[in-house]
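One letter stands for each residue in the lines below.
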Amino acid sequence: MKQRAPLTLAAVTAALAAVTGIASLTAPAAPAADGKKTAAARMPVERSTLVCPAPSSSDIADTVYTSYTPGAAPGAKADAKGAGKGAARLTGATKDAKAVLEPKEPGKPVGAASSGAEAPALTGTAEGTLAPGWTVQQTTKVAVGRARGVLGTACGVPGTDFWFPAVGTSKGREDYVHLTNPDDTAAEVDVKLFGPEGPVKAEPGRDRITIAPKSSQRLLLSTLAPDTQLADVTAHVTTRSGRIGASVQVAEDGVGTDWLAPSTDPAGSLVLPGIPSDATSVRLVAFAPGEEDADLSIRLAGPGGSLSPAGSEALHLKAGMTAGVDLKDVTRGEAGSLLLAPTDAKKAVPVVAALRVVRGSGAKQELGFIPASGPVGARATVADNRTGENATVLYVTAPGKADAKVRVTASPGTEGGEPESKEIQVKAGTTLAVSPPPAPSGGKGSYALTLETLSGGPVHASRTLTLPHEGIPMFTVQPFTDDRSTVLVPKAVQDLSVPTE
């Protein structure tokens, strides 16, 4: 019997969404005393937790952290008891670590910097007014050496289940999964690999790890099965107990390095937003957990509409096996987003996917990744954007059949300035590259970009940050995903009836 990767409830829900059009699963409102449903209010979250991996093992690495909370989310009702109060702190992932970042109020980004190989993994919490939509970006630049490049990642929400398609164990690759435990109890973690022939058999005991409280470990994926070298692999990270933050740092000889963020939960249809217009090589890696094969159509949503790449119109995924497709220079000078959908709408099999993207050529190549990501939703934010030629490019796509309108807001800079906003229209089935995006007026330093869906959609988005170095187009890509800044809270109903005996 073949080993299959288990599907979570979120994966099953996502698969149903692809068929029925349901975008989210919410609990019904609690019934009132008279049997009628009570109204529910959307309230700001009161506490957010984030985890950042250790940035680099290079002694010449320079890392910048940027923290930002955009403020009250659209449609959220303020809690008068907590108005004006908030606190946030990001510290090293040890019990006695000092604070690295301590933002003081929403709407104002805060930055910090570190250098060298000793910068630790970070954990942090935000409470009160600083909790809704709290985001932290970690950006590292390494000028020379095997690990040279720009590595960017949005610090993640701790969880129990992570998918990483597009990792590798082949010669010339060093892929480390970073596992950080933010809590006061140990976490038991399993790391499973799936290649083109199915599960990769790990050496006994190597694929199960205990992460001590308030600590972080990294695992070189190729050591799980030292005698197996594979270019296209999917890593599945789960916890038996506790929760962790997980991300993969990829270094590839001659091509550079970057972080690979987790793919969105398995779903029948996926969007991989924001392939740069000058990409010289694009490779799609996908995986179908569960017991069923998946047949997918591949389309590229560009500025003028969606089309199927010649010679790569479809992909057959065998259950439990990773597949890769070389799309080469699929954008051909125009930015785009890759859309995966079931060839038969009545048979949507959940899958995960990511893109390996290369810019430049010869000795001047640089590597980045675009994982499948969820929609922007009501609001999403990415921090550490910068001005200058091609520094930050924003990509917005409307993959469905409805046009969309979004608001893009640039925060003040870390050194002051005033926010700026702009509304943009995105036609259905297209990707719009916004270059340059809005930037703060009169300010200096990096800034955050916040997207709000105003109408239509759904909308998916990402940003590319390019920091060239000696002719190398060093870059990193971060998707925008819903900032989870609100929660649906049923209204309490007061029962004034007189009890009877």
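Residues numbered from 1 in each chain as written. Predicted model: local features only at pLDDT ≥ 70, side-chain atom pairs only at ≥ 80, totals over all residues. Heavy atoms only, no water.

Undergrad: What exactly am I supposed to notice about the overall build of the protein chain here?
TA: Along its length, the protein chain carries one helix and 36 strands. Counting only residues that meet the buried cut, the protein chain has 50% of its 501 residues in that class. When contacts within the protein chain are restricted to residue pairs at least 6 apart in sequence, those whose partners lie at least 24 apart make up 81%. When the accessible area of the protein chain is evaluated, it comes to approximately 21800 Å², of which 52% is carbon and sulfur surface. (Helix = DSSP H or I, 4+ residues; strand = E, 2+ residues; numbered from the N terminus. Buried < 20%, exposed > 50% of the residue type's maximum accessible area, 1.4 Å probe, protein only. Contact = heavy atoms within 4.5 Å. Areas by Shrake-Rupley, 256 points an atom, 1.4 Å probe, with all protein chains shown as cover.)

Undergrad: Sorry if this is basic, but what is going on with empty space enclosed by the protein here?
TA: Where empty space is left can be seen by rolling a probe of water-molecule size over the atoms. Under the defined criterion, the tally for this structure stands at one cavity of 30 Å³ or more. Approximately 30 Å³ is the volume attributed to the largest cavity. If you trace the largest cavity, you find it lined by T169, L193, V200, A225, T228, L230 and V233. Across the lining of the largest cavity, the residue classes tally to five nonpolar, two polar and no charged. (1 Å grid on protein atoms, 1.4 Å probe; cavity = no way out; pocket = protein on both sides within 12 Å on 5 of 7 lines; lining within 4 Å. Points joined across faces, edges and corners; volume = space filled by probe spheres on them. Nonpolar A, V, L, I, M, F, W, Y, C, P; charged D, E, K, R; others polar.)

Undergrad: What exactly am I supposed to notice about the nonpolar core here?
TA: Note that soluble globular proteins tend to have their nonpolar side chains buried in a common cluster. Formed by 31 residues in total, the largest nonpolar core has its most connected members in F164, L179, V237 and L260. Looking at this core, the elements with two or more residues in it are β10 (161-167), β11 (173-181), β12 (187-195), β14 (208-211), β16 (233-241), β17 (245-252), β26 (352-359) and β27 (366-371). In this view, V237 contacts T160, D161, F162, F164, V177, L179, V189, D190, V191, I244 and A246; residues no more than four positions away in its chain are not counted. Core analysis: the next-biggest nonpolar cluster, separate from the first, contains 30 residues, L317, A323, V351 and V477 among them. (Core = buried A, V, L, I, M, F, W, Y, C linked by side-chain atoms within 4.5 Å.)

Undergrad: In this structure, what is going on with the sheet that holds strand β6 (residues 110-115)? I would like to understand it.
TA: Whenever strands of a sheet pair, they do so through backbone hydrogen bonds, lying parallel or antiparallel. Ordered in space as β6-β3-β8-β9, the four strands form an open sheet in which the pairing is antiparallel. If you trace the sheet from one side to the other, it starts and ends with β6 and β9 (149-154), each paired once. Mean inter-strand twist for the sheet, computed between neighbouring axes without regard to direction, equals 15°. Summarising the sheet, strand β3 (residues 62-68) and strand β8 (residues 135-142) pair through seven bridges and their orientation is antiparallel. When the bridges of β8 are listed, Y65 appears paired with Q138. (Pairing = 2+ DSSP bridges. Axes fitted to C-alpha atoms, helices over the stretch in contact; angles between N-to-C directions.)

Undergrad: Sorry if this is basic, but what is going on with unusual backbone geometry here?
TA: Leaving glycine out, the prevailing phi sign among residues is negative, and the prevailing peptide bond configuration is trans. Look at the link from S435 to P436: it is a cis peptide, with omega at 0°. Of note, P436 is situated in the loop between β32 (430-434) and β33 (447-456). Along the chain, G457 connects to P458 via a cis peptide bond; the corresponding omega equals 10°. Here P458 is to be found in the loop between β33 and β34 (460-466). Within the chain, R332 stands out as a residue other than glycine whose phi angle is a positive 50°. With respect to the element layout, R332 can be found in the loop between β24 (322-328) and β25 (336-342). Look at R332 and you get exposed, because its relative accessible area is 68%. Non-glycine residue R484 carries a positive phi angle of around 50°. With respect to the helices and strands, R484 occurs in the loop between β35 (475-480) and β36 (486-490).

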